[in-house]
Structure formats: C-alpha cells, structure tokens
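Coordinate inspection notes
Each chain is listed here by its residues.
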Amino acid sequence: MSEGIRGVGRADISLYVNGNEERMEIRTNETLLEILRDRLGLMGTKEGCGAGDCGACTVLLDGEPVKSCLVLAIRIEGRNVTTIEGLSEIGRLHPLQEAFLRHGAYQCGFCTRGMIMAGAALLRAHPRPSREQIGDALVGHLCRCTGYAKIVEAVEDCANSTGGAEHE
Amino acid sequence: MSEDVRRADAFNVVGRSVTSVDGLEKVTGAARFTADLSRPGMLWGRALRSPLPHARILRIDARKALALRGVRAVVTGADCPRHTFGNLIKDQHVVAFDKVRYIGDEVALVAATDPDIAREAVDLIEVEYEPLPAVFDIDDAIREGAPLVHEAARNIAHQISIVRGDIAGAFSRCHEIVEEDFETSKVHQAYLETHACLADVDDRGRVELWSGNQSPGRTRFQLAQALDIPIGNIRVHQAFVGGGFGGKAYQHVVFLSVALAMKVRRPVMMVFDRTEDFACTLPRVPMRIHIKMGCDRDGRLLGKEMRIVADNGAYSVNAPAVVDTAATRVDSLYRIPALRNEAMLVYTNQEPTGMFRGFGNPQSTFAVESCMDMLAERVGLDPVEIRLLNGTQTGDVTIHGWKIRSCALSDCIRKVADKIGMDHAKGAGTTTKADKKGPLRGVGLGCVIHVNGNRSVFAAFEGSCARVRLDESGFAYVSSSCGDIGQGASTTFAQIAAEILGLPMSAMRVERSDTSITGFGLGAFASRVTVLAGNAVREAAEDLRNRIVGICADEWGVPEDDIRLEGGRATASATGSERIPAEGLTLGDVARLYTYAHGGENLEGKGHFTPDDVVIADKKTKYGNISGTYTFGAQGVEIEIDPDTGRITCKRLVAA
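Note that the structure is predicted; figures quoted are calculated from it, not measured.

1. Looking at the overall build of chain B
The helix and strand inventory of chain B stands at 15 helices and 26 strands. The C-alpha atoms of chain B give a radius of gyration of 28 Å, which matches the 26 Å a tight globule of 656 residues would have. A buried classification covers 58% of the 656 residues belonging to chain B. Approximately 27000 Å² of chain B is accessible, and the part contributed by carbon and sulfur atoms is 50%. Measuring between centres, the 77 positive side-chain charges of chain B sit 2 Å from its 85 negative side-chain charges.

Shown next as structure tokens:
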C-alpha cells in the first residue's frame, strides 16, 4: 500500500498491543492511532480531531494515558499499548466500564473510550482520587453530549464501589 | 396520550433508571461509527477545496494526480449533473461547477487506495482561477453594487415579514419601551465524530451508503435529486452517530462519496478531518437582531418589533427555515398582543450556515429574554415577576395560532427562581459585589418555548412509524423510522415497548435505521423523536400485544381480557387449569406457536403516529398550529465575573 507517498520511509517495528506481540512494516509517518485502527482493526479508539485536543483516541502506553494521534508509531518500539479492547476480559468488564453503564455516563459514545482509558489510568495510580484529581485526569477530554457530570460521578463511584482496590 | 395521564410510579419500565440498550457497545468500543466500517476494495475519498472565497474556475488539470500510484479517480463538477439542487432553495452543486463561492467549496474529489495518497493527489490537482470580488459581511452584501454570490439581482436568499395586531397603536400605549441591538455568533456544533460516509454502488447503479445521519429518509430524497439517481436505487444505513446537534441533518459528505463511488464503481469512504469539518459544514446561522419591546405601567407586554439580518453564507441548505423560526418561535413564550417581525437572510462568501440545536430559536430568544430583564428594571419588577406576569398558559392560542394544550412555564420559572436564589420575595438585586477585590456575582434566568416536531418541515406529512417484532426465542426487535443519533432514543423506544409487552429490558433489541427496512422517516430533529416516534412505537407495541393476547385467548379458550402479560410471560386467571400451563407461556413460546404455524413469519406489531390538529403554517404569514405539543422550560444560572479580566465562570445552573 501507499507507494505514492512522497519521500516517506518505511520501518519494521514490534510492539505489544493488549498483551500480544505485533510485528509490522509501517510508514515512518504513521501514528499509533493509525496502526491501531488501520493495521490492527482495533476500532474502539476514535479520531475526533487528529491534533491532540479532544482525547477520544486515548490509549495507555506502558500504563500511562497518551493521545494516540500524537504518538509516532516508530517511536514506541517494544512498548506496551493497552486499548479499550484490552481493558475488559472476555465476558468481564473493567469496573470503570461497569460504573459508566450504571451511571449512563455516555450519550453518543464517541468520546467514551478515551474517557474510560484516562479514568482507568487514574484509578490505577490513585485508587481513591479526589474530585480535583478526577477533573485533572479528564481535562483533555471533550464530551459534547453529557456535560461531564455523570462521567465524573462514574469515576468517583468506581473508586468507592471497589473500595479503592487495585484497578488493573 | 389519553386524558388520564398516568403517574410515573404506575409504570414498570418507563420512568425507571435502566441501562441503555446500546450502553455495552459504547463502553467496550464495539459500537461501529461510520469511519469504523469497511468494505472489500474500499477506496478513500478526499476533496480539493477552494483556497479563494469567490472565483471563476477556468481550468482544472488532474493529470498529475491521476498519474500517482494508487489514485483511482478524480471527480469534478463536469462529472456531476449540471442542475442545482437544494433543500429549500436550489442553489447548490455537489462539486463546484463554474464558480467557487467560499473558502472550502469543493472543487474536485479524489479516490485512492489510501487516505495519504488521496491527500497527496489533491495537492497535485492544478486549478486556474479567476478571482472575483467577494463579500464577507452582511452589510456589504446588501449594498447596491455588491458582488453577487449567485446569479440573482441581489444577495438576498430569503425574506419574511409578519405583522399581527395594531403595532403602532401598541407602542403608543406603552409606558416603557426598550430598543436594542443584539448579535449572535457562528458557533459550530463540534460533535466529536466528524462527518463521514461510506458509499458503494453496484453494477446496476444501486447506491448503498452508511453515515451518521440524522435524517436517512430525507438524505435519500436529497441524494436522488442532487445526483439524478432513481430514489428506489438508494439505500441509506444509519451507523452509530457521534453527536449531531442539528449539524448532521444535512451531510454534504454523502453526496461527495456517492459521486466518487459512482465514478469508480467501488466503495468509497470519506471522513472529514476536523479542520474541514469546522470550515465546510453548517454552523449556527449568525444573526443581527434589532428589537424593540414595550409594556404598560404594570409590566404587561404590549408590542414587539424585531428586524433580523442573518448570514446565510454561500449556500442556503436549511438557513431559510432557521430564519423563519428565529422570526417567530419565541413569540409564543409570552402573551404579546401585537408584533412586527422582519427577517432577511443574506448570501455572503462565507461558509454556509444551518441548523444547530433550537433551529434559530436561541438567537431571537437571547434578544427577547435580554429585553425582558431590561423592561423589568424599567417598571420596577424583578426578572421573575415580569415573566410570571406575561408567561403563556395552558389553553392559550398564541399570536401565531399555536394551541397550547399543556404548559408548565410558570411552574418552571418558580422552581428555577427558588433554586437559584431569585425568589422575588427576597428582592430583585441580582448582581452584587462580594467584596472590593473579589469577583462580581450575579444570578439570572431565561425561559424557552420549543416545538415537538413541526408540521411545516416536510410538505407531505408529519409523523413516524414503527414495528415491534417478536422472534421465536422471545426477543423483541423495535424498529423506528426515526433512528437514534446518540441521544438515547433506542433506549426510550425499548422502554416504551417493554412496558406494554411486559418484557424485561434484557429481551429488547433496537434495530438501527435502514431505509430499505424501517420505512420512510423524517428523522431526528426538532425535538420530535420521543413524542412522535415514541408514540409510533407505543402503537406498534400495543398492536403486537393485542396479537399475543389473541393467540393466547384462542389457545386457552378464555376471553382476551383475562390474559395478562407480565415478566415476559402470558398468563390467564385460570392458569393451571387443564388447557393452560401452570406458569402460562413465555412470550417466546407464544411467538414460536405463531411462527411455526405461519411459515416462519415472526409475530409483529405495526404502528404509526401523526399528531392531530396540526397544520402547515401559512407560507407568508407563518400562522398556524405547527406542533402537537410544545415544550416550555426555564434555566437559572449563578455566575462570577472577574472584574480585571472579564472572565465569566458559571458557578451553578438549574433547569426546569
């Protein structure tokens, strides 16, 4: 594919996505978001702006939330990526996904996966976050439907209902 | 709805907090939005957009683009029908034909095997333009001798003038008159999912497309008109919609991707990037509003005069109707005996504007509500009192002929005033300086009236249809002609049907809109879905319920009114007798009996709903009851203003 691209080199990379080693040849200008969606078919991660403004493409890189549209794939050789597809095990949702369902913390659902990934990372680092910490963790995430209140409540409720247990 | 409006606690499912029927897909990532879809052999489309606001296209040379490996087709205006099309005014082309009229106008389209190749190919297309003088401002655009955006005598897309009552006499009797100018801006809907469409065309010329569209039925209609496709050859699927807010009722991306797919005979995916989505879709129509309102000594409104000049941008998709709404809707919020409203929609070489939550209503409501506060101050009332004094009441026929059959505006105002701390017993002082250095604080409230559907939108009909199908495993499938656009309509439909069928929510499935299956729907806009589509679902579920009851009554030899549907089962009072199983029958059992006895046919109920006593508002006077019900509301806010920076922070917001 993409023979026509002007002056763009190619590179082999290998990285771990949701625990699986993935080896592929990519263009050097491909973003992590592009390889997740276009090469690995992991469509749960969304592109809302392509410029790091909206947070819909958030995934975890070695456990830390990153905006995958801003991460060049060739720069994350050998590292661990977790997407929304890797957050829940088959038949068992992550406690934060359960909390989002309980609170109806979504409407159209387009920003939801980014919110959940950022929230899950927060809960892992701070099992009992304050409202302020929740606000800080979600600050780069835009939602145009809900007005955010239920999203913050879902994160808060998740921390309370799991008693601050480790969120993996 | 029948006269005996049931209390919320009389329902088992409706009014309860339930998990939405598509919630799981939304939290796991399984929900498929348009850009997540693919088809074998799919190409990627991209538009070359005009860098000039107004220019004649002299020459387009796409040879270099076509020579690029991976490029499959280039489409220009010459590949599309010559005729113009449009929702209200026929002033659009699918791709610019002879002229470009705003920065972003589509000049050519590319289909390639990869989005990056499409992007590169677009840059390789050479276009020779003859720049023309452009107009960007509504004042400049209506001046004599202004450059003309379209081939018409003036840059006026639409005009309306409405006079009711003795307006001159009304103002002569006023004790206080305020006269002000307001301006609203071109705010964009900024839904998180940009416009996208996947289009496919088969060898017979049949078009199939997927998009996050608010009105699949009307889009099909417009597409047939724009590209001369027999309407029966078009099938529109509604993918999950990543927010619309009015901005996805019209999607030019649909026309573009279909034009490309027709040329290459392969599936084409087009996804607008955020920059082109901001620059080339339809943000809110900006308006300049001159308004004069007067009241008597007691604060009772006597007259209103309003002149609106609105920026249509280069093409007028829905903007004429938006302007009509701005010129009328707010007038039914209060009792006003006389008025004169004039509105003018002006072409400029700016991006086209269109519908966005409220459809023109927020613009003029902003002006009217601001004037209400000013009038209140002049006559010594507080903002709450003047609204209670003038507010529309149940039973009113408003100045535009709207029949208000139920209205709780006064209750809304009182509740909001109480919660936000504007209870007029406590005084009208709404702005205070907390201390010398601290921020300024203020509270205020505003009110709104809106429609639930509008008979005037589509000439042929207003209404909705639905089906509820019970398969042999006991799942109920709801399909509505007005699909879910992310606002939760699917769950609302499931709750309504589950309530009537006595089924648990876990047995409910809601199908996504597909014009070849779900009937002709007008779509999700004008706050119409729950009232119109919801009632159609109710009709369909009741029809299915009657059929289930009839089957059980026949099977068991009992009268129909002895059958109860509850907890997913049908039972009779004589349950446990010889012919009737002790536990009754599950609805799956009933459906199986029917399906096996009818060649596999599913047990199905059909319903449709058309609001009664509504009319198409007179084209000139806009008089007439356009909606079956009207929504009223009030909101109060408490804000802080930093006196040094002017920064406003909303501290509290209450709504009723």
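Picking up after the structure, the text goes on.
2. Focus on the packing of helix H11 (residues 383–390) of chain B against helix H12 (residues 409–420) of chain B
Residue and element names in this part refer to chain B. Interaxial distance between H11 and H12 falls to 9 Å at its minimum, and their mutual angle equals 170°. Between H11 and H12, the angle is such that the two are roughly antiparallel. Along the contact surface, H11 presents Val-384, Arg-387 and Leu-388, while H12 presents Ser-410, Ile-413, Arg-414 and Ala-417. Per-class residue counts for the contact of H11 with H12 are 4 nonpolar, 1 polar and 2 charged.

3. Thoughts on empty space enclosed by the protein
All names here are of chain B. Taken as a whole and judged by the stated rule, the model has 5 cavities of 30 Å³ or more. Put simply, the largest cavity is a space of about 220 Å³. Looking at the largest cavity, it is lined by 23 residues, and the ones nearest its centre are Gln-92, Tyr-102, Glu-106, His-252 and Pro-352. Counting contributing residues per domain, the lining of the largest cavity is built from domain 1 (34–132 + 190–278) and domain 2 (156–187 + 284–454 + 622–655), each supplying no fewer than three. If you go around the second largest cavity, the residues you meet are Ser-480, Cys-482, Gly-483, Asp-484, Ser-490, Phe-493, Val-510, Glu-511, Arg-512 and Ser-513. Residues that form the lining of the second largest cavity fall into these classes: 3 nonpolar, 4 polar and 3 charged.

4. Regarding the domain arrangement of chain A
Quoted interface sizes are often the accessible area lost when the parts come together. Residue and element names in this part refer to chain A. When cut into domains, chain A gives domain 1 (2–84) and domain 2 (88–162). Here the C-alpha centroids of domain 1 and domain 2 sit 23 Å apart. For the pair domain 1 and domain 2, the summed buried surface comes to about 1200 Å²; carbon and sulfur atoms form 65% of the total. Of all residues in domain 1, the largest losses of buried area upon contact with domain 2 belong to Lys-46, Thr-58 and Ile-84, amounting jointly to 42% of the total for that side.

5. Some points on helix H4 (residues 112–125) of chain A
All names here are of chain A. Here H4 spans 20 Å end to end across 14 residues, near enough to the 20 Å set by a 1.5 Å rise per residue. Here H4 lies mainly inside the structure; 12 of its 14 residues are buried. Of all the positions in H4, only Thr-112, Arg-113, Gly-114, Met-115, Ile-116, Met-117, Ala-118, Gly-119, Ala-120, Ala-121, Leu-122 and Leu-123 are classed as buried.

6. Topic: the packing of aromatic side chains
Residue and element names in this part refer to chain B. Evaluated as defined, the whole model comprises 12 aromatic pairs over all chains. Between Tyr-102 and Tyr-315, the ring centres sit 6.3 Å apart and the planes meet at 75°, which makes this aromatic pair edge-to-face. Of the two residues, Tyr-102 sits in the loop between strand E4 (99–100) and strand E5 (106–112) while Tyr-315 sits in the loop between strand E14 (301–313) and helix H9 (319–326), which places them 213 residues apart along the sequence. For Tyr-102, a relative accessible area of 3% corresponds to the buried category. On the basis of relative accessibility, which here comes to 8%, the residue Tyr-315 falls in the buried class. With a centroid separation of 5.8 Å and 85° between ring planes, the pair formed by Phe-458 and Phe-461 is classed as edge-to-face. Assessed through its relative accessible area of 12%, Phe-458 is described here as buried. We classify Phe-461 as partly exposed; its relative accessible area is 26%. Taken together, the ring pairs connect Phe-221, Phe-458, Phe-461 and Phe-520 into an aromatic cluster.

How each quantity is defined
- Residues numbered from 1 in each chain as written.
- Chains lettered and ligands numbered in written order.
- Predicted model: local features only at pLDDT ≥ 70, side-chain atom pairs only at ≥ 80, totals over all residues.
- Heavy atoms only, no water.
- Helix = DSSP H or I, 4+ residues; strand = E, 2+ residues; numbered from the N terminus.
- Rg over C-alpha atoms; globule rule 2.2 N^0.38 Å.
- Buried < 20%, exposed > 50% of the residue type's maximum accessible area, 1.4 Å probe, protein only.
- Areas by Shrake-Rupley, 256 points an atom, 1.4 Å probe, with all protein chains shown as cover.
- Lys, Arg positive; Asp, Glu negative; His and termini not counted.
- Charge placed at Lys NZ, Arg CZ, Asp CG, Glu CD.
- Axes fitted to C-alpha atoms, helices over the stretch in contact; angles between N-to-C directions.
- Parallel < 35°, antiparallel > 145°, perpendicular 65-115°, else oblique.
- Contact = heavy atoms within 4.5 Å.
- Nonpolar A, V, L, I, M, F, W, Y, C, P; charged D, E, K, R; others polar.
- 1 Å grid on protein atoms, 1.4 Å probe; cavity = no way out; pocket = protein on both sides within 12 Å on 5 of 7 lines; lining within 4 Å.
- Points joined across faces, edges and corners; volume = space filled by probe spheres on them.
- Domains from an automatic or database assignment.
- Buried area = accessible area lost by both parts, 1.4 Å probe.
- Expected span 1.5 Å × (residues − 1).
- Phe/Tyr/Trp six-rings, centres within 6.5 Å; stacked < 30°, edge-to-face > 60°.

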